[in-house]
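# Observations on chain architecture
Read off the chains here:
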Amino acid sequence: MRKYPILESFSPVEQCNLDYDPERGSAIDPHWDDWWLWGERLVSLNLLSDTVLSMSCDSEDNVQLFPLVLHKNKQMHGYKSPDISQDYPIQDCSLLERLESTYCSPTKLVPLREILVAIHLPQRSLVVLSGAARYQWKHAIYRNHIKSRRICITFRELTAEFGLGGEQEELGNNLLDIALTFKGSPV
């Protein structure tokens, strides 16, 4: 993971293995991971099957949405046909239907709390939540997005309070030592 610039200094202290099974109705409701203990980056490895990570925001703020306009006459990144799904693969069919139905719609102001961002996570993909995605947007995996068994391995780092110069630096160092030398049984 350290070959990615965002993870160069990442030192996980926890590894959480989650097993999602559609027969059990597996899902996880919209939530934020704890802020007092877990640090800036949450790192998850999606295994066994594709799924969708859903992001939502409780903010009363608004965002200005602009329509996606594709002109048949223009060459845009190899655009050749009026079927945008061929040249611009979109995994979420409802998004494609909205794009087609609002082809020339005007911009509009939308409350953030009304927006749901669906992020396709292919099998064997790695996702890092940090910044606004970590602290302002909740993340979830909805039941209808679990099509077959999915294993997710999530890695968490400690918050800055447990790092160099933090109030709990000594405890943080002890926790990292335990994490790096763990030889026990998983719980």
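Going by the structure above, here's the rest.
These lines cover the structure that appears in this document, whether it is placed above or below. It should be emphasised that the depicted structure is a prediction, and the values quoted were computed from it without experimental measurement.

Another aspect to go through is a nonpolar patch on the surface. Where nonpolar side chains cluster on the molecular surface, the patch consists of Met1, Tyr4, Ile6 and Leu126 and spans about 340 Å² of accessible area. Summarising the element assignment, Leu126 is placed in strand β8 (residues 125–129). We classify Leu126 as partly exposed; its relative accessible area is 34%.

Here the focus is the sheet that holds strand β10 (residues 150–158). Either a parallel or an antiparallel arrangement is found when strands of a sheet pair, and the pairing is made through backbone hydrogen bonds. Taken together, the 4 strands give an open sheet; going across it, the order is β1-β10-β3-β8, and neighbouring strands pair in antiparallel fashion. Looking at strand neighbours, the two that pair on one side only are β1 (14–20) and β8, the edges of this open sheet. Ignoring which end each strand starts from, the neighbouring axes of this sheet average 20° apart. When strand β3 (residues 38–47) meets β8, the two strands line up antiparallel, connected through 5 bridges. The residue bridging Leu45 from the neighbouring strand is Leu126, located in β8.

With that settled, consider the pairing of β10. Counting buried positions along β10 yields 9 of 9 residues, so the element is predominantly enclosed. In this sheet, β10 lies alongside β1 in antiparallel orientation, the contact comprising 7 bridges. Bridging across to β10, Tyr20 finds its partner in Arg150. When β3 meets β10, the two strands line up antiparallel, connected through 7 bridges. Bridging across to β10, Leu45 finds its partner in Ile153.

Most of strand β4 (residues 51–57) sits inside the fold, with 7 of its 7 residues counted as buried. On β4, burial covers both faces: Thr51, Leu53, Met55 and Cys57 on one face and Val52, Ser54 and Ser56 on the other are all buried. Sheet analysis places β4 next to strand β7 (residues 116–121), joined by 6 bridges and oriented antiparallel. Bridge assignment links Leu53 to a residue of β7, and that residue is Ile119.

About the criteria used
- Residues numbered from 1 in each chain as written.
- Predicted model: local features only at pLDDT ≥ 70, side-chain atom pairs only at ≥ 80, totals over all residues.
- Heavy atoms only, no water.
- Patch = residues over 30% accessible without salt bridge, like charges linked within 9 Å, V, L, I, M, F, W, Y side chains within 5 Å.
- Areas by Shrake-Rupley, 256 points an atom, 1.4 Å probe, with all protein chains shown as cover.
- Salt bridge = Lys/Arg side-chain N within 4 Å of Asp/Glu carboxyl O.
- Helix = DSSP H or I, 4+ residues; strand = E, 2+ residues; numbered from the N terminus.
- Buried < 20%, exposed > 50% of the residue type's maximum accessible area, 1.4 Å probe, protein only.
- Pairing = 2+ DSSP bridges.
- Axes fitted to C-alpha atoms, helices over the stretch in contact; angles between N-to-C directions.

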